[in-house]
Amino acid sequence: MKVLVVGGGGREHAICTALKKSPSVTELYCAPGNGGIAEIATCKNIGATDVDAMVAYAKEEKFDLVFVAPDDPLVLGMVDKMQEAGLRAFGPNKNAAIIEGSKAFSKGLMKKYNIPTAKYELFDDEAKAIEYLDSQKAPIVIKADGLALGKGVIIAQTIEDAKVAVHEMMSDHKFGSAGNTVVIEEFMTGPEMTLLAFADGKTCVPMISSRDHKRANDHDEGLNTGGMGAVTPGADLTDADNKRIYDEIVEPTMKALIAEGRPFKGVIYFGLMLTPEGPKVVEYNCRFGDPEAQAILPRLETDFMEIIDACIDGNLDKVDIKWKDCCSCVVVMASGGYPLSYAKGYEITGIKECGHLVFQAGTKINDEGKLVTSGGRVLCVYGEGKTSDEAIDSAYEGVAKISFKDMHFRHDIGRTLGNK
Ligand code: AMP
Ligand code: GLY
């Protein structure tokens, strides 16, 4: 099969690596790809959100499968457009990707179908939002409705701060049109974890659990980022805990989407908080997490392509998905300054010699043929072991052998519960 992966980050490098192992994948392409992906796939420089150009390219190359990995093209309806052009595509249709594209939609879905989540109110009028805040207690959470690169969530420690956040979103358009509608929600407490699941429109099969670390600095300090590292498993759950998550969250979500005429096919992401009252949904995403995918996919033993085909064809219940029995950890190495401004173009050394799986994100080959930094999150180093401590130590052994100017990484991935 000739396969195209859409995207160009560490997640897509992990997806390409898993696909490369499949006996049925004979030709692998990635658009736009990056410096690391270029070693295992043919990269084509088309932006992941350039839907028309991507469809035209896919038609021209006659791909047997197009795997749309990032949120924006999914929310824009790239899978629908590929299908309309007669191509086979993996990922949710636009009407199901809305679970990530609109927090107002996903909160409404959870309310309607009694799926546990934080209590909330929705506002498209700033004055009404401010008036509501006067009746609430801090801490309180303010979220922009639309996609905001994971940055549209403000945890306000005082009601005054909450009002400032609302004003910045609704009047100053800090997150563009994503903040025209805001969600104001109850502040929940407890460890967080990510549960990704394969979905075929009817059946939903959870993967191993994971946990990412969104803050930029150690001890969960600093700004929110796309994710600075991840571990599997994400929490120490009993069979009863897993059953509760499945029965109260995973299955009701799939059923709710079917009932709404929006069956979900692809990878669904449940961002969960294990609160004192039980597991609750913090957010849904319509795709693999980044960096969660980099920690999860190397543990997949079943042929990835077989699972993808089953999701598309609606026979996921026939596939026995197996995982390597171990723990894993990935540590993101970022450019100094990330998630704010940072310099690019610094040479990266040590990847080949470090002896670890390294997934590349913001990298490229420069005119002199050297691998250099070209983004905020530069790469992601994988480690595994029998215990979580072994996996973490292993990932950091790899990190110690890689270097580029002004590199920045967290030293406590997997050692904290993450996500303050
Ligand atoms: P989200 O983009 O909705 O996943 O939010 C980003 C992060 O903000 C989450 O991973 C949580 O750490 C935090 N967060 C979001 N909503 C809440 C909430 N209701 N209570 C506490 N923390 C939250
Ligand atoms: N790591 C969080 C996300 O992919 O949304």
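Calculation criteria
Residues numbered from 1 in each chain as written. Chains lettered and ligands numbered in written order. Predicted model: local features only at pLDDT ≥ 70, side-chain atom pairs only at ≥ 80, totals over all residues. Heavy atoms only, no water. Helix = DSSP H or I, 4+ residues; strand = E, 2+ residues; numbered from the N terminus. Rg over C-alpha atoms; globule rule 2.2 N^0.38 Å. Contact = heavy atoms within 4.5 Å. Areas by Shrake-Rupley, 256 points an atom, 1.4 Å probe, with all protein chains shown as cover. Lys, Arg positive; Asp, Glu negative; His and termini not counted. Charge placed at Lys NZ, Arg CZ, Asp CG, Glu CD. Polar contact = N/O pair within 3.5 Å; in protein donor to acceptor, adjacent residues only side chain to side chain. Salt bridge = Lys/Arg side-chain N within 4 Å of Asp/Glu carboxyl O. Buried < 20%, exposed > 50% of the residue type's maximum accessible area, 1.4 Å probe, protein only. Phe/Tyr/Trp six-rings, centres within 6.5 Å; stacked < 30°, edge-to-face > 60°. Lys NZ or Arg CZ within 6 Å of the ring centre and 35° of its normal. Expected span 1.5 Å × (residues − 1). Bend = angle between axes of the 7 residues up to and from the residue. Pairing = 2+ DSSP bridges.

(A) The overall build of the protein chain, seen in detail. What the protein chain contains, in helices and strands, is 12 helices and 23 strands. Taking 22 Å as the expected radius of gyration for a compact globule of 420 residues, we find that the protein chain reaches 21 Å, a close match to that expectation. On the principal axes, the C-alpha backbone points of the protein chain span a range of 60 × 45 × 45 Å. In the protein chain, the share of contacts with a sequence separation of at least 24, taken over all contacts with a separation of at least 6, comes to 68%. Element-wise, carbon and sulfur atoms account for 50% of the exposed surface of the protein chain, whose accessible area totals about 17,300 Å². Taken as two groups, the 47 positive and 62 negative side-chain charges of the protein chain have centres that lie 1 Å from each other.

(B) Inspection of the environment of Glu260 at higher detail. Here Glu260 is to be found in the loop between helix H9 (239-259) and strand S16 (265-275). Separated by 164 residues in the primary sequence, Glu260 and Ala96 place their C-alpha atoms 9.5 Å from one another. Within the structure, the side chain of Glu260 is placed 2.4 Å from the side chain of Tyr113, a separation counted as a polar contact.

(C) Representation of the pattern of salt bridges. Taken as a whole and assessed by the stated rule, the structure comprises 27 salt bridges. The salt bridge involving Arg11 is made with Glu12; its shortest N-O contact spans 3.0 Å. The exposure classification of Arg11 matches that of Glu12, with both residues buried. The salt bridge involving Lys243 is made with Asp247; its shortest N-O contact spans 2.4 Å. Taken together, the positions of Lys243 and Asp247, both in helix H9 and four residues apart, correspond to about one turn of that helix. Judged by relative accessible area, which is 52%, Lys243 ranks as exposed. Taking relative accessible area as the criterion, Asp247 reaches 34% and is therefore assigned partly exposed.

(D) Local environment of the packing of aromatic side chains. As enumerated under the stated definition, the model contains 10 aromatic pairs in all. Aromatic side chains Phe123 and Tyr132 sit 5.1 Å apart centroid to centroid with 45 degrees between the ring planes, which places their arrangement in the tilted category. What links up through ring pairs into an aromatic cluster is the set Phe67, Phe90, Phe198, Phe288 and Phe304. Positioned above the aromatic ring of Phe63 is the side chain of Lys2, whose terminal nitrogen or guanidinium carbon lies 5.4 Å from the ring centre.

(E) Looking closely at H9. Along its 21 residues, H9 runs 28 Å from first to last C-alpha, staying within 8% of the 30 Å computed at 1.5 Å per residue. Along H9, the helix axis deviates most sharply at Tyr246, where the bend reaches about 40 degrees. Within H9, burial applies to Ile245, Ile249, Val250, Pro252, Thr253, Met254, Ala256 and Leu257. Tucked into the core, H9 has its buried residues touching helix H5 (94-101), helix H6 (103-112), strand S10 (192-200), strand S11 (204-206), S16 and strand S17 (278-285).

(F) The pairing of strand S7 (residues 140-144), seen in detail. Summarising burial for S7: five of the five residues are buried, a large majority. Neither face of S7 is left uncovered, since the one carrying Ile140, Ile142 and Ala144 and the one carrying Val141 and Lys143 both have all their residues buried. With four bridges joining them, S7 and strand S8 (residues 153-156) adopt antiparallel strand pairing. Bridging from a neighbouring strand, Ile140 pairs with Ala156 of S8. Across five bridges, S7 lies against strand S9 (residues 182-186) in antiparallel orientation. Bridge pairing in S9 links Ala144 to Val182.

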